[in-house]
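If you want the building blocks of each chain, they are given just below.
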Amino acid sequence: GFVPPAGPSPTSSIHVYTQREVYGTVGSPVTLSCSFWSSEWISEDISITWHFQAEGTRDSISIFHYAKGQPYIDDVGTFKERMEWVGNPRRKDGSIVIHNLDYTDNGTFTCDVKNPP
């Protein structure tokens, strides 16, 4: 299944929570949930990045980026036509949906949240 690793991001005041394993059905959508908690208020400059590392590979690619209040789907990989932003940073939610799942989507998804300064 999908294995997004849990754990805090580099910024000390933010804690990021994801499901350890997410299972989906080929051809169906799956939600990759990412919630975060910060002791500071959520700044306008908050950024969220999703990375994907295919099973059996070492390379991780950036597949999604949220910055300056706008979602950006990275123009690489097989996800660009199938990804939907469903998060809401004001509600401390950085979740995405991947539609029309394929076997090649197996791997590790990582959600990274930065809340500068």
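Described below are features of the structure shown in this document. (Residues numbered from 1 in each chain as written. Predicted model: local features only at pLDDT ≥ 70, side-chain atom pairs only at ≥ 80, totals over all residues. Heavy atoms only, no water.)

### With respect to the nonpolar core
- Counting 24 residues, the largest nonpolar core has Trp50, Ile63 and Val113 as the members making the most contacts within it.
- Only β1 (14-18), β2 (30-32), β3 (34-38), β4 (47-54), β5 (60-67), β7 (83-85), β8 (96-98) and β9 (107-114) provide two or more residues apiece to this core.
- Once residues lying within four places of it in the same chain are set aside, the contact partners of Ile63 are Trp50, His51, Phe52, Ile73, Asp74, Phe79, Met83, Ile96 and Phe109. (Core = buried A, V, L, I, M, F, W, Y, C linked by side-chain atoms within 4.5 Å. Buried < 20%, exposed > 50% of the residue type's maximum accessible area, 1.4 Å probe, protein only. Helix = DSSP H or I, 4+ residues; strand = E, 2+ residues; numbered from the N terminus. Contact = heavy atoms within 4.5 Å.)

### Topic: the pattern of salt bridges
- Across all of its chains, the model carries 4 salt bridges by this definition.
- Note that Asp105 and Arg82 form a salt bridge whose closest N and O atoms lie 2.9 Å from each other. Here Asp105 is found in the loop between β8 and β9, whereas its partner Arg82 is found in the loop between β6 (70-73) and β7, with 23 residues between them in sequence.
- For Asp112, the salt bridge goes to Lys114, with nearest N and O atoms at 2.6 Å.
- Judged by relative accessible area, Asp112 falls into the buried class, the value being 16%. (Salt bridge = Lys/Arg side-chain N within 4 Å of Asp/Glu carboxyl O.)

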